[in-house]
Amino acid sequence: MREKARNAMRLILEAARFEVEEVDEPLDLSAVREETCLLVLCSNDSDLIGQFDKTNYSLMIDDHEMSCKKLLFSVDKEIVTENCIQWGIDEFVRYTGEAVLADILDRELALDLTPAKGKKITSAAPTGPAETQKEEHSGIIIPHYPVKITEQAAMRIGGVQGAAKLRFIPYYLFHYTSNGEQVYKDRRIPFDAEGWGAINAINGIKIEIDQKLIEENEIPPGAEVSDPHIRKDEATERIVSELIDRLTQKVRIKQEKGDAIFYEEKILKPDKKNITVDTQQVYIPVWQIRGKKIVEINAFTGELLSEPMDEGVEIF
């Protein structure tokens, strides 16, 4: 298990742009990035961890001595240290996933390297009625994609620190069907089609969407629900118009009269009455972070948005 943990920790640190090397036991890894040096221990041994916690380490590079920070990974929830950065299961799972995402997006992973200062690796849940915390509720129930990305994770993905706000952006989820046909001369042109999609109810951008993932429940407290700027009937009209344009066909018929050959072209369009569009308003959660610049992160997928979900947001 320790070897697997060591390999995963290497992956995380390399995603954060550290130069990582294995070191002699009882330690596992050393990681250096600019003026930061980390020594890593993966262990549940309380004696070994105690020695690691009280020992000061330094690294000499080109006659320059650097004090090393200490990073401990342990699945023992009872471990308490004073001078180590402590990661338990929650941090390990979060940073492993974010390291993979950072690699996919070719971005640097940001790590919290603050020492724990006597805290346990994972905080204990309240044990008595007197310690029960009051659960907050927003009282707002809307159909939406669930929030999977935390505020801190969004800042790491966006590469910017600042004021973060969770916003729910309105979309029109639509399902369209078209049928019918036209016959011209000896040519039969069908207009059968069916599909799903969504239109941003603020800026009109179309996206693909999986309607099966939408949940209708309460949103987190403090989140903002944006109002649509495009009416539902306007969105429906646009869907119908674009579908007609896509299904329209130009037919060319060859005809012969005596010694002459000529071609006749005919534009055939589906009849609007044969098109049905069912539209439902849904919401996509987005973290909007205002720092040196404004960035937006899809709070469901973790995608860094190159175009704003809302109008008036900087495109970069």
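Conventions and cut-offs
- Residues numbered from 1 in each chain as written.
- Predicted model: local features only at pLDDT ≥ 70, side-chain atom pairs only at ≥ 80, totals over all residues.
- Heavy atoms only, no water.
- Pairing = 2+ DSSP bridges.
- Helix = DSSP H or I, 4+ residues; strand = E, 2+ residues; numbered from the N terminus.
- Axes fitted to C-alpha atoms, helices over the stretch in contact; angles between N-to-C directions.
- Contact = heavy atoms within 4.5 Å.
- 1 Å grid on protein atoms, 1.4 Å probe; cavity = no way out; pocket = protein on both sides within 12 Å on 5 of 7 lines; lining within 4 Å.
- Points joined across faces, edges and corners; volume = space filled by probe spheres on them.
- Buried < 20%, exposed > 50% of the residue type's maximum accessible area, 1.4 Å probe, protein only.
- Parallel < 35°, antiparallel > 145°, perpendicular 65-115°, else oblique.
- Left-handed = near helix turned anticlockwise from the far one by under 90°.
- Core = buried A, V, L, I, M, F, W, Y, C linked by side-chain atoms within 4.5 Å.
- Salt bridge = Lys/Arg side-chain N within 4 Å of Asp/Glu carboxyl O.

Asks: Would you mind showing me how to read the sheet that holds strand β6 (residues 69–73) here?
Replies: Strand-to-strand pairing in sheets goes through backbone hydrogen bonds, with the strands running parallel or antiparallel. With mixed pairing, 5 strands are arranged side by side in an open sheet as β1-β2-β3-β6-β7. The outermost strands of the open sheet, each flanked by one partner alone, are β1 (19–22) and β7 (85–87). Sheet twist, expressed as the average angle between the axes of neighbouring strands with direction ignored, equals 20 degrees. Strands β1, β2 (29–33), β3 (36–42), β6 and β7 of the sheet are contacted by helix α1 (residues 2–15), whose axis makes an angle of about 160 degrees with β3.

Asks: Hey, could you run me through empty space enclosed by the protein in this one?
Replies: Taking a probe equal in size to a water molecule and rolling it over the atoms shows the remaining empty space. Inspection of the entire model under this criterion finds 2 cavities of 30 Å³ or more. Volume-wise, the largest cavity comes out at about 80 Å³. Surrounding the largest cavity, Glu98, Leu101, Ala102, Leu105, Arg107, Glu108, Leu109, Arg156 and Ile157 form its lining. Of all elements in the fold, only α3 (89–105) and α4 (151–158) reach the threshold of two or more residues within the lining of the largest cavity. With 4 residues, α3 is the largest single contributor of residues to the lining of the largest cavity.

Asks: Just checking my understanding: could you explain the pairing of β6 for this structure?
Replies: Along any regular strand the residues' side chains alternate between the sheet's two faces. With 4 of 5 residues buried, β6 lies mostly within the body of the structure. The pairing of β3 with β6 spans 5 bridges and is classified as parallel. Among the inter-strand pairings, Leu38 is bridged to a residue of β6, identified as Lys69.

Asks: Looking at this model, I keep getting lost on the packing of α3 against α4. Mind explaining?
Replies: Two packed helices can be described by the angle between their axes and the distance between those axes. Orientation of α3 relative to α4, taken along the N-to-C sense of each, is 25 degrees, at an axis distance of 11 Å. By the criterion of interaxial angle, the relationship of α3 to α4 is roughly parallel. The interaxial crossing formed by α3 with α4 has right-handed handedness. The segment α3 lies against α4, with Arg94, Tyr95, Glu98, Leu101 and Leu105 engaging Ala153, Arg156 and Ile157.

Asks: Even after reading the chapter, I still don't get the environment of Thr36, so can you show me in this structure?
Replies: Inspection of the secondary structure assignment puts Thr36 in strand β3. For the pair Thr36 and Lys69, spaced 33 residues apart in sequence, the C-alpha to C-alpha distance is 7.8 Å. Those residues in contact with Thr36 that sit more than four places away from it in its chain are Phe18, Ala31, Met66 and Leu113.

Asks: Quick question: what am I supposed to make of the nonpolar core here?
Replies: Across soluble globular proteins, you tend to see nonpolar side chains buried next to one another. Among the nonpolar cores identified, the biggest contains 25 residues, and Met9, Phe18, Trp87 and Leu111 are the most heavily contacted of them. Looking at this core, the elements with two or more residues in it are α1, β2, β3, β6, β7 and α3. The leading source of residues in this core is α1, at 6 residues.

Asks: Can you walk me through the pattern of salt bridges in this structure?
Replies: Close approach of charged atoms allows side chains of opposite charge to pair. Going through the model one piece at a time under the given rule, you end up with 13 salt bridges. For the salt bridge of Arg33 with Glu108, the shortest nitrogen-to-oxygen distance reads 3.5 Å. Pair noted here: Arg33 is in strand β2 and Glu108 is in the loop between α3 and β8 (141–144), with a separation of 75 residues, a long-range link. Using a relative accessible area of 24% as the deciding quantity, one classes Arg33 as partly exposed. Under the relative-accessibility criterion, Glu108 is labelled partly exposed at 43%. Bridged by salt links that share partners, the residues Arg2, Arg6 and Asp28 form one connected network.

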